Amino acid sequence: MDEIDVPSHFMCPISLQLMRDPVTVATGITYDRENIERWLFSCKNNTCPFTKQVLVDTDLTPNHTLRRLIQAWCIVNACHGVERIPTPKPPVDKAQIIKLLNDAIKFPQMQLKCLQRLRSIAFESDRNKKCLEAAGAVEFLASIIKKDESAVIEVVLEDGSREFTRASDEALSILYQLETSEAALKSLVSSNYGFIESLVHVLKCGNDQSRAYAAMLLKSIFQVADPIQLINASPELFTEIVHVLRDGISQQASKAALKLLVELCPWGRNRIKAVVAGASHVLIEHLLDTSEKRTCELILVVLDQLCSCAEGRAELLKHGAGLAIVSKKILRVSQVGTDRAVKILASVSKFSATSRVLQEMLQVGVVSKLCLVLQVDSSKKTKEKTREILNLHSRVWKNPSCIPARLLSSYPSS
């Protein structure tokens, strides 16, 4: 396109480019639809970018008059290489989605076609995802997951390829992709008795992709759950979370499972449920195999929570590499990792310090690492906790040949 002055009112205030689908927000300012939808729905802002006013209503009204003026201007300036913008396709609205859902509920044979359409709508834009949520698609998808529908549906993937999947698996995939709001998640759990159990069933019996989606959805649900729901988490849930970690389905699924444990373990008897499910052993195995910072931090947070109960400490000590790997991660992950690892060792040394355990801590280098913590730059609280551990067992640990002289010099005096 040749150099040509574009009228300022034809340009989007966000991109400063010629608008292709102008829409007006509640403040009266017009933006290009793609840009304002990204601002509102992808970036999760609630203000008008130009006026900074809060938008109580995020409805976007097509500015047909301005769009026709822009199209006419494009035609007039075609000789300068300006291409006429096409008339945009009207976006899907709430009423259309409600009709689609009602038809699928009324005529079950239309359910598969409805799922295909819902996927297509969801992938078009973040604005459509919010529209689907507002129209009740979340509850509809949850009902299919709860029924565990086994009908097979052909799905067109983002890359254009096709695959066949069960209706319940497709519903779960769409529900995860919707990025449901906190309010909708709370409403979903409170109004759909047994939905959490349905997701646990998917963790137990689903394919790897569905298990990953279920784990990530459960993480989002329990992050907004009320205390009663957290306390009443079933032992089977902990068993399946541990199996997700053990099986290593994907990095996303593993992190979701770890975050689930972080959310659940502080409540009621959940720490014991996690220990009984075998969490301690699986977490230590993961800690041995990973050096990724955030994963290590999450594992150490959960182990710290589990070691606050006798059963958790017993399982840590039962694993041949438990003490050694926790000690190894001190000063190698992050300040958060170091703080948590020291807290784990403090729990063991205070409540589970048999003569065998104290000797093992000496032999695998725990005591040497604690002395090193006192020599380097670490948090005040961590250093205080470290001194407490060393002072507590100074009669056993001080002056042994297992501690290098350069570290022994920092051993605190009683």
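Placed above this text is the structure.
Residues numbered from 1 in each chain as written. Predicted model: local features only at pLDDT ≥ 70, side-chain atom pairs only at ≥ 80, totals over all residues. Heavy atoms only, no water.

### Some words on the side chain of H393
To be explicit about the condition: Under the scheme used here, helices are H or I runs from DSSP no shorter than 4 residues and strands are E runs no shorter than 2 residues, and both carry numbers assigned from the N terminus. Partly exposed describes any residue whose relative accessible area lies between the buried limit of under 20% and the exposed limit of over 50%, with all areas from a 1.4 Å probe on protein chains only and scaled to the type maximum. For this analysis, residues touch if any pair of their heavy atoms sits within 4.5 Å.
The topology assignment puts H393 in the loop between α22 (380-392) and α23 (394-397). Judged by relative accessible area, which is 11%, H393 ranks as buried. With residues up to four places along the chain from it excluded, the contact list for H393 reads S349, A353, L358 and Y411.

### Focus: the packing of helix α19 (residues 335-351) against α22
Condition: Orientation is described by axes fitted as lines to C-alpha atoms, over the contacting stretch for helices, and by angles from 0 to 180 degrees between their N-to-C directions. Any angle that falls under 35 degrees is termed roughly parallel, while one over 145 is termed roughly antiparallel, one within 65 to 115 roughly perpendicular, and all others oblique. Note on convention: the crossing is left-handed when the near helix lies turned anticlockwise from the far helix by less than a right angle, right-handed when the turn is clockwise.
At a closest axis distance of 10 Å, the pairing of α19 and α22 adopts a crossing angle of 25°. Between α19 and α22, the angle is such that the two are roughly parallel. For the element pair α19 and α22, the recorded crossing hand is left-handed. Each of Q335, T338, D339, V342, L345, A346, S349 and K350 in α19 lies in contact with α22, whose residues at this interface are T382, K385, T386, I389 and L392.

### Overview of unusual backbone geometry
Despite not being glycine, K52 shows a phi value in the positive range, around 70°. Within the secondary structure layout, K52 lies in the loop between α1 (33-42) and β3 (61-62). By relative accessible area, which is 60% here, K52 ends up exposed. Phi angles above zero are rare outside glycine, and E179 is one such case at about 55°. Considering the arrangement of structural elements, one finds E179 in the loop between α7 (167-177) and α8 (182-191).

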